[in-house]
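As a plain string of letters, each chain reads:
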Amino acid sequence: MLTQTSFRAPLSNIDIFGEPGKHDLTQQTGDFFYDPWELKQEYKDTVWEEIWCSLPGDTGQARIIVLESPSCYTQHADIDDRYHLNLFGDESYLIDLENTQMYKLVQDSIWYEMDAGRLHSAINIGEHMRMQLVVRKLLKQNVLTNSTEVTISAAGNNPRYHFDNKLSPWL
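Keep in mind that this is a model prediction, so the values were computed, not measured.

Student: Which parts of the structure should I look at to understand the overall build of the protein chain?
Tutor: Broken down by element type, the protein chain carries 2 helices and 12 strands. Its helices and strands in sequence order give the protein chain the pattern β-β-β-β-α-β-β-β-β-β-β-β-β-α, from N to C terminus. With respect to the three principal axes, the spread of C-alpha positions in the protein chain is 50 × 35 × 30 Å. Every one of the 171 residues in the protein chain was classed for burial, and the buried ones make up 40%.

Student: Looking at this structure, I do not really get the pattern of salt bridges. What am I missing?
Tutor: When the charged atoms of two side chains lie near each other, side chains of opposite charge can form a pair. Under the definition given, this model contains 8 salt bridges. For R82, the salt bridge goes to D78, with nearest N and O atoms at 3.7 Å. Taking relative accessible area as the criterion, D78 reaches 14% and is therefore assigned buried. A salt bridge links E98 to R118, with the nearest nitrogen and oxygen atoms 3.8 Å apart. In this pair, E98 is assigned in the loop between β8 (92–96) and β9 (101–104) and R118 in the loop between β10 (110–114) and β11 (120–124), connecting sequence segments 20 residues apart. Look at E98 and you get partly exposed, because its relative accessible area is 43%.

Student: I keep staring at the packing of aromatic side chains and nothing clicks. Help me out?
Tutor: The description of an aromatic ring pair uses the distance of the two centres, along with the angle that the planes make with each other. The full count for this structure, using the stated rule, is 4 aromatic pairs. Between the aromatic rings of F32 and F33, the centroid separation amounts to 4.8 Å while the plane-to-plane angle is 75°, which identifies the pairing as edge-to-face. Note on F32: relative accessible area 27%, which makes it partly exposed. Ring geometry for F32 and W37: centres 5.1 Å apart, planes at 85°, overall edge-to-face. Chaining the aromatic ring pairs together yields one cluster made of F7, Y83 and W111. Lying over the aromatic face of Y83, K137 brings its terminal NZ or CZ to 5.0 Å of the ring centre.

Definitions and limits used
Residues numbered from 1 in each chain as written. Predicted model: local features only at pLDDT ≥ 70, side-chain atom pairs only at ≥ 80, totals over all residues. Heavy atoms only, no water. Helix = DSSP H or I, 4+ residues; strand = E, 2+ residues; numbered from the N terminus. Buried < 20%, exposed > 50% of the residue type's maximum accessible area, 1.4 Å probe, protein only. Salt bridge = Lys/Arg side-chain N within 4 Å of Asp/Glu carboxyl O. Phe/Tyr/Trp six-rings, centres within 6.5 Å; stacked < 30°, edge-to-face > 60°. Lys NZ or Arg CZ within 6 Å of the ring centre and 35° of its normal.

Set out below in structure tokens:
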């Protein structure tokens, strides 16, 4: 689920984002999943641009995700794979729920590739907040032939939960 790459990012002099949640460093240039994203103007000529440029080629949305302690995310799968860079935190983990395996996140300046199509969660049980830079990998545009249109609807008290846990892994 989490694989080390050869890409390194400069992590000295980074700003700590103190507010929990997702902080977007980028903006869309076209289609959300297929077209490259660009760095927002306020992050150009900063350490965030150096970090952004440490990845190869075109990439998608880049967000700093801050998770308070103690806290975790509901299990889910994502349609697109991601690059992960641990920026800050002491006891935080990505959890591959399908293989019941935990990956400790450390600040090592290494980008990791994540197979986000697996059911997973993130947990922070340390003294400090968890801060990750997560960058979406672009999806490849496919051309379907002999396709059939279908309608899918999610049900239950929390349709997003059911979509993330049943449809996303399949997609």
